[in-house]
Structures are given as structure tokens and as C-alpha cells.
Amino acid sequence: MNALDETHNPALRSWVASANDPASEFPIQNLPFGRFRRAGTDEPWRIGVAIGDQVLDLRQASEHGAMPALPQPLAQGDLNAFMAQGSAARIALRRALSQALREGSAAQSALQPCLVPQAQAEMTLPCRVGDYTDFYTGIHHATAVGKLFRPEQPLLPNYKYVPIGYHGRSSSLRVSGHAFARPLGQFKTDAAEPQFGPCRRLDYELELGAFIGAGNEFGAPIPMARAEDHLFGMVLLNDWSARDVQAWEYQPLGPFLAKNFATTLSPWVVTMEALAPFRCAFVRPDGDPPPLHYLDSADNREQGSLDITLEVWLQTAAMRDRGEPALRLMQSNFRDAYWTLAQLVAHHSSNGCNLQAGDLLGSGTQSGPLEGQGGSLLELTQGGKQAITLPNGETRTFLHDGDTVILRGHCERAGRRRIGFGDCAASVQAAREPVVNPVAPSRS
Ligand code: CA
């Protein structure tokens, strides 16, 4: 599983000077993929690799003959087709990129003109996402939210046996940097009748997203032993949630319109290879049931989890107007998840469901075990009962119009180069006017 090689050497430096800045999230040990074009142009979307504060334009590198071994789909801007080629092609390209971008590389003069400053790049979703599934692996989130609704039984009996998930919607996925209108929806208040209007309890959810690389055939489950081979890489994912709509609509079939109005992704897909130095053991607390056989493997126990620090930052409209920076609301770590990515892949395909290149698996909200580590406002405010007071005196129970929420993530370990994901940011705008039927329905 994701063996370490020379590309992980923390001493490697790039001829792209900004990549050597210890604060850079995109050193030569990271090399994440994204899809972009030069801002202000209508040139075709192309695949790029983030390096320091630059993007290496793979289409241009191919056209200039600067990357001879570049897989054809990448030159054509098709990340899905490259994802489908599986981990061997990805590992080979990582080695080639690492050699081409390191200090002293003979490729420097040919590749230099293929760099675009990230500040001048317009990003889009990294690939076509056929299907999006959202899981619920954050046990501290599941427990905290369960407590609000069922103090006597916060965690339902299935949680420790089955990775809970539901099929989400991919059409409303957006890349970081967008804004969306507060959703309209149906919710129940103390009034006798439910109402329809702007959501009053708009929230975020701090998640990671995992992209599928090579898929599986319809009817052919992916065993645990091969589950990691089907993963391509990871992004940050904000699963925006309309809590009032959710509370009213979710029974008996689960999440629907409260979840599908917008989902924001960070633009750079950090590959499983880049994450390899940050693997850690998957352990269950004493007394918890071991995973069923089809969700267990020695590899998974030894190094199935990932040590990824996650953060939520908030900047209100008032803060923006006064030039105040965003404020960090919390921090947690993906190693606290109750299920690993391999288990999600094995479980999802265990009934023969076919996963395809570019499919997206959401991790579920990643809250930590301690107070103040809630990965949503629902948790940080005890279901909206205890407002958060910001340093400038503003308060929040749920999000206001004009709020910008930024997810951040990074991996850090002694003796390893720190890598990051880049921001996953989006802003809330005022709701649209509800559409009112112009005439009463005919009774003829
Ligand atoms: Ca979610």
C-alpha cells in the first residue's frame, strides 16, 4: 500500500523556488492534480500540477515536447481517463514529474514557459464526477449530533458495523471560490403548518472527499486487499447543510434537499502517493466490535488511516469590510474517523455496485473527540442553543448571508515534508425570492 520512494525524500528541492518555502502547501513532495485555464481566457480546460505558487500546464508541456512520457489523457485535459488507468500510471508520472521539477533537472528550461501563477489560474472541478456518495465516518460527529436528538442512545446500533452512507448529487458540486444563494426549503417551526422559505439554519460540514481511480466491473465487488488500488486521491469537501430542512424531511428515507443545493471541493487532488508518508494504524477503542471480515485486512489495521489535520475558518461580511482575516473555528484530524477509505470502497462495492473513475466518496463530517472540535455549527453551538461569539463581537448560531467558510487541511510528520490541500472556500449569498404561483389552481 503506497510504498515510500525517492519522491518522498524530504530533502528534495524544486527549481520552482516558491515550492521550497516551508510554508508552501505544494512542495515537490506533493504534486496534486487540478483542472484550470488562464483566467480571463476561454482556452480549453487543461490539467495542471500545483508546484509552489505555480501550476505546471500539462497540455502546454505536452505540446512543447517538454514531458515526453506524459499519458495522452493528461495532454488532452481528461483527468477521468488518466484516473481510470490506475495507480501504476500515476506512480510512474509522479516519478517523472518529481525528476523534471527538482533542482538541477535538465527539463527546467523546457518546462519554465509552461508555468502559470496560481493567482492567474481559474480552477474548475478536477474531473467529471459521475456519482457522489456521502459517508458518515466521523464517530464524534455522529455521537454529538445523535445526542442532540436521542440523548439516551446517541449512536444507533448499526454504526459500529456498517459504514453509513447515502447517494448524494454530483450536479451541484462546485470548486472552491464560488458563492451560492441561501437555499429555499420546507421546514417545520412551532406553527401548525410547515413553511417554505429561506433556510434559517444553514450550516457547513468539514469533510474530505476521496476520488475513485480505476473502477470495478458491475457485479464484481472490490475486496479489502485491493481497495486501496482503486483510490486516486483526496480533496477537502464542504457538504453544506440546511439543518431546518434536514430535520423535517429526513425521515424515513434520509438526506435529500437539505444536502444537494451545493457541495464545495478544494481544486487540487492530493494523490494517495503524496499522502503515503502520513499513514497510520486503524484502531478501534477497546471493547468495540472488530470490523466484519469483508471490511478487515492486515494492511488496513497496520496503516489504513490517514493523519490529516483539518480546520474550519470563518470570515463574516463585517470582517471582510474591515479587512480582518478569517478566524479559525476548530481543528480535528481524519485519523479519528471510525472507518478507513479502503473500508468505504470495499463496502460500497460489496453488493456488486460498480464504482467509476472520478466517482467521489465524502468522508462525513470530521469532528474531533474534544469539546470545541465539532466539524459543523450544529455541534459547536449545541444545536443552535449556544451562540459562538467572534472576537469582533458578532455572534453565530448558524451562517449569515455574506459569510465565507474556508476549510483547510495539511499533513505533517517528523522527518517528512509538510503538504497541504489548498483552500476549500465558498460564500453564502442572500436567498432568491421564493416563486409564488401567480394564480390559484383551477378547480374545473
Ligand atoms: Ca455530510
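Details of the structure are given in the entry above.
Residues numbered from 1 in each chain as written. Predicted model: local features only at pLDDT ≥ 70, side-chain atom pairs only at ≥ 80, totals over all residues. Heavy atoms only, no water.

Asker: Sorry if this is basic, but what is going on with a nonpolar patch on the surface here?
Answerer: Judged by side-chain polarity, Y161, L292 and Y294 come together as a nonpolar surface patch covering roughly 280 Å² of accessible area. Tracing the chain through its elements places Y161 in the loop between α6 (139-149) and β7 (165-167). (Patch = residues over 30% accessible without salt bridge, like charges linked within 9 Å, V, L, I, M, F, W, Y side chains within 5 Å. Areas by Shrake-Rupley, 256 points an atom, 1.4 Å probe, with all protein chains shown as cover. Salt bridge = Lys/Arg side-chain N within 4 Å of Asp/Glu carboxyl O. Helix = DSSP H or I, 4+ residues; strand = E, 2+ residues; numbered from the N terminus.)

Asker: Teacher, can you tell me more about α6 here?
Answerer: Residues spaced three or four apart along an α-helix point in a common direction, a consequence of the helix completing one turn every 3.6 residues. Among all positions of α6, only I139, H141, A142, V145 and G146 are buried. Seen end-on, α6 carries its buried residues on one side only, within an arc spanning 155 degrees. Contacts made by the buried residues of α6 are with α13 (377-380). (Buried < 20%, exposed > 50% of the residue type's maximum accessible area, 1.4 Å probe, protein only. Arc of directions from axis to C-beta. Contact = heavy atoms within 4.5 Å.)

Asker: Would you mind showing me how to read the packing of aromatic side chains here?
Answerer: The geometry of an aromatic ring pair comes down to the distance between the two centres and the angle between the two planes. In total, this model carries nine aromatic pairs according to the counting rule given. Relative to F232, the ring of F33 lies with its centre 5.9 Å away and its plane at 45 degrees, an arrangement referred to as tilted. Here F33 is found in strand β1 (residues 33-38), whereas its partner F232 is found in strand β14 (residues 231-238), with 199 residues between them in sequence. Comparing F33 with F232 shows no difference in burial state: the two are buried. Aromatic rings pair up to connect Y136, Y159, Y338 and W339 into one cluster. R284 extends its terminal NZ or CZ atom over the ring of W339, reaching a point 4.5 Å from the ring centre. Of note, R408 hangs over the ring of W313, and the distance from its end group to the ring centre comes to 4.6 Å. (Phe/Tyr/Trp six-rings, centres within 6.5 Å; stacked < 30°, edge-to-face > 60°. Lys NZ or Arg CZ within 6 Å of the ring centre and 35° of its normal.)

Asker: When you look at the pairing of strand β20 (residues 309-315) in this model, what are you seeing that I'm missing?
Answerer: A regular strand places its side chains so that they alternate between the two faces of the sheet. Counting buried residues along β20, six of its seven residues qualify, which places the element largely inside the surrounding structure. Where β20 and strand β25 (residues 404-411) come together, seven bridges link them in antiparallel fashion. Of the residues in β25, the one forming a bridge with L314 is V405. (Pairing = 2+ DSSP bridges.)

Asker: Hey, could you run me through helix α4 (residues 87-101) in this one?
Answerer: Relative to the 21 Å expected for 15 residues at 1.5 Å per residue, α4 spans 21 Å between its end C-alpha atoms, a close match to the ideal helical length. Every buried residue of α4 is accounted for by R90, L93, R94, L97, S98, A100 and L101. Relative to the axis of α4, the buried residues are bounded by an arc of 165 degrees and lie together on one face. (Expected span 1.5 Å × (residues − 1).)

Asker: How should I be thinking about the sheet that holds strand β5 (residues 121-124) in this particular structure?
Answerer: Note on sheets: strands pair through backbone hydrogen bonds, and any given pair is parallel or antiparallel. What the five strands build is an open sheet, ordered β4-β3-β2-β1-β5; its pairing is antiparallel. Single-partner strands in this sheet number two, and they are β4 (115-117) and β5. Between one strand axis and the next, the sheet turns by 50 degrees as a mean value, whatever way the strands run. Here β1 pairs with strand β2 (residues 46-51) via four bridges, running antiparallel. Within β2, the residue paired with F36 across the bridge is R46. (Axes fitted to C-alpha atoms, helices over the stretch in contact; angles between N-to-C directions.)

Asker: What exactly am I supposed to notice about the coordination of the calcium ion here?
Answerer: Ideal geometry at a metal centre: 109.5 degrees between donors when four sit tetrahedrally, and 90 or 180 degrees when six sit octahedrally. Protein-derived ligands of the calcium ion are D134 (OD), E205 (OE), E207 (OE) and D239 (OD), with the metal-ligand distances lying across 2.2 to 2.3 Å. Linear spacing of the donor residues for the calcium ion on their chain is D-x70-E-x1-E-x31-D. Within this pair, whereas E205 is found in the loop between β12 (202-203) and β13 (206-212), its partner D239 is found in the loop between β14 and β15 (241-242), the two being separated by 34 residues in sequence. (Donors = N, O, S within 2.8 Å, 3.2 Å for Na, K, Ca; no water.)

Asker: I'm lost on the side chain of T137 in this one. Help?
Answerer: As for its position among the elements, T137 is in the loop between β6 (132-135) and α6. One polar contact links T137 to Q366, side chain to side chain, over a distance of 3.0 Å. (Polar contact = N/O pair within 3.5 Å; in protein donor to acceptor, adjacent residues only side chain to side chain.)

Asker: Could you clarify how one ought to interpret the pattern of salt bridges in this entry?
Answerer: Opposite charge on two side chains permits pairing when their charged atoms draw close. All told, the structure shown has 27 salt bridges when counted by the stated rule. A salt bridge links K259 to D239, with the shortest nitrogen-to-oxygen separation between them at 3.7 Å. With K259 in the loop between α8 (243-249) and β16 (263-265) and D239 in the loop between β14 and β15, the pair connects residues that are 20 residues apart, well separated along the chain. For E394, the salt bridge goes to R396, with nearest N and O atoms at 3.4 Å.

Asker: Explanation requested: the environment of L101 in the structure shown.
Answerer: With respect to the helices and strands, the residue L101 is situated in helix α4. With 10 residues separating them in the primary sequence, L101 and L111 have C-alpha atoms 8.3 Å apart. For L101, the contacting residues outside a window of four places in its chain are R13, S14, W15, V16, I28, L31, I51, L56 and L111.

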